[in-house]
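Analysis of the macromolecular model
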Amino acid sequence: MSEVKEYVPSVIKADEMDPKFKYEISKMPGAEKIMLCFQCGTCTADCPISRFSDLYKPRRIAHMIQLGLKDRLLSDEALWLCSTCFTCIDHCPQGVEIASLVRVLRNLVAKEKKVIPLVYKELATTLMKTGYVYVIPESRRKKRAAQGLPPLPKPNLEHVAKIFDVTGFSKVLEDIKTFDKVKSE
Ligand code: SF4
Ligand code: SF4
């Protein structure tokens, strides 16, 4: 059995703290309520990822934003461990929406560091090419038909391509770097 890696806190230096960061973040859709977090820890207690990874704690993410530790946050691969199950959103007494905060931070990583996990690039590329995030195997389609389910809707690939172009996402996909996997332990 592999040894579980523990989160090792390091001393925070004053020059690492960007006092404007929480205000900048709070202007982004989904992150407006960051200042309401009072560090109760409910999100971490209920987060299914936190149960197996000491490296990913949503309460810590909220605290780091409040402290302005932008560089640490954007360099932390554990950000990509969130499964977007929304349990934290359902349970937060302050309505902070941690899962949305994580999305905002991931977008900042992609924009400023120009890197995402390889699997995300693969999913986005599949979406662009097929209109589906996952390649749907023929066997799955046959199973649906055998169960009497209607065929899956046919994506309009012209519209999909237009959305990717208008939003600039096809260019982002071309240029973005990737890393192989996110370490959880
Ligand atoms: S549950 Fe809400 S208020 Fe409590 S620590 Fe998490 S984000 Fe902050
Ligand atoms: S959405 Fe992410 S942070 Fe929130 S409970 Fe689920 S895995 Fe944890």
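Quantities reported herein were computed from a predicted structural model and do not represent experimental measurements.

**A short note on the overall build of the protein chain**
Scanning the protein chain for helices and strands turns up 11 helices and 2 strands. When its helices and strands are written in sequence order, the protein chain yields α-α-α-α-α-α-α-β-α-α-α-α-β. Along the longest, intermediate and shortest principal axes, the C-alpha atoms of the protein chain span 60 × 40 × 35 Å. A buried classification covers 34% of the 185 residues belonging to the protein chain. By sequence separation, contacts in the protein chain at least 24 residues apart represent 73% of the contacts at least 6 residues apart. Of the side chains in the protein chain, 30 bear a positive and 23 a negative charge, and the two mean positions are spaced by 4 Å.

**Overview of the site of ligand 1**
Residues in close proximity to ligand 1 total 13 residues, the closest being Cys37, Cys40, Gly41, Cys43 and Cys92. A breakdown of the residues in the shell around ligand 1 according to their chemical character gives 8 nonpolar, 4 polar and 1 charged.

**Re the environment of Leu36**
With respect to the helices, strands and loops of the structure, Leu36 is situated in the loop between α1 (21–26) and α2 (42–46). We classify Leu36 as partly exposed; its relative accessible area is 41%. For the pair formed by Leu36 and Pro93, sequence separation is 57 residues and the distance between their alpha carbons is 9.6 Å. Contacts of Leu36, omitting those with residues within four sequence positions, involve Gln94 and Val96.

**Some thoughts on the pattern of salt bridges**
All told, the structure shown has 4 salt bridges when counted by the stated rule. Between Glu16 and Arg72 there is a salt bridge, and its shortest N-O distance comes to 2.6 Å. Residue Glu16 is found in the segment before α1, and its partner Arg72 is found in helix α5 (residues 70–74); the two are separated by 56 residues along the sequence. Overall, Glu16 belongs to the partly exposed group, its relative accessible area being 27%.

**Points about the packing of helix α8 (residues 118–130) against helix α10 (residues 157–166)**
Running from N to C, α8 and α10 point in directions that differ by 135 degrees, and their axes come no closer than 7 Å. Put simply, α8 runs oblique to α10. Between α8 and α10, the contacting residues are Ala124, Leu127, Met128, Lys129 and Thr130 on the first element and Leu157, Val160 and Phe164 on the second. Taken together, the residues of the contact of α8 with α10 break down into 6 nonpolar, 1 polar and 1 charged.

**Details of the site of ligand 2**
Near ligand 2 lie 13 residues; those nearest to it are Cys47, Tyr56, Cys82, Cys85 and Cys88. At the level of secondary structure, the elements contributing two or more residues to the shell around ligand 2 comprise α3 (48–52) and α6 (87–91). For the shell around ligand 2, the residue count by class is 10 nonpolar, 3 polar and no charged.

**What about the packing of aromatic side chains?**
Per the counting criterion, the structure on display carries 2 aromatic pairs. Ring geometry for Phe164 and Phe169: centres 5.4 Å apart, planes at 40 degrees, overall tilted. Among the residues examined, Phe164 registers a relative accessible area of 6% and is labelled buried. For Phe169, a relative accessible area of 35% corresponds to the partly exposed category. Over the face of the ring belonging to Tyr7 we find Arg60, whose NZ or CZ atom lies 3.3 Å from the ring centre.

Conventions we followed
- Residues numbered from 1 in each chain as written.
- Chains lettered and ligands numbered in written order.
- Predicted model: local features only at pLDDT ≥ 70, side-chain atom pairs only at ≥ 80, totals over all residues.
- Heavy atoms only, no water.
- Helix = DSSP H or I, 4+ residues; strand = E, 2+ residues; numbered from the N terminus.
- Buried < 20%, exposed > 50% of the residue type's maximum accessible area, 1.4 Å probe, protein only.
- Contact = heavy atoms within 4.5 Å.
- Lys, Arg positive; Asp, Glu negative; His and termini not counted.
- Charge placed at Lys NZ, Arg CZ, Asp CG, Glu CD.
- Near = heavy atom within 4 Å.
- Nonpolar A, V, L, I, M, F, W, Y, C, P; charged D, E, K, R; others polar.
- Salt bridge = Lys/Arg side-chain N within 4 Å of Asp/Glu carboxyl O.
- Axes fitted to C-alpha atoms, helices over the stretch in contact; angles between N-to-C directions.
- Parallel < 35°, antiparallel > 145°, perpendicular 65-115°, else oblique.
- Phe/Tyr/Trp six-rings, centres within 6.5 Å; stacked < 30°, edge-to-face > 60°.
- Lys NZ or Arg CZ within 6 Å of the ring centre and 35° of its normal.

Purely geometric numbers; function is a separate question.
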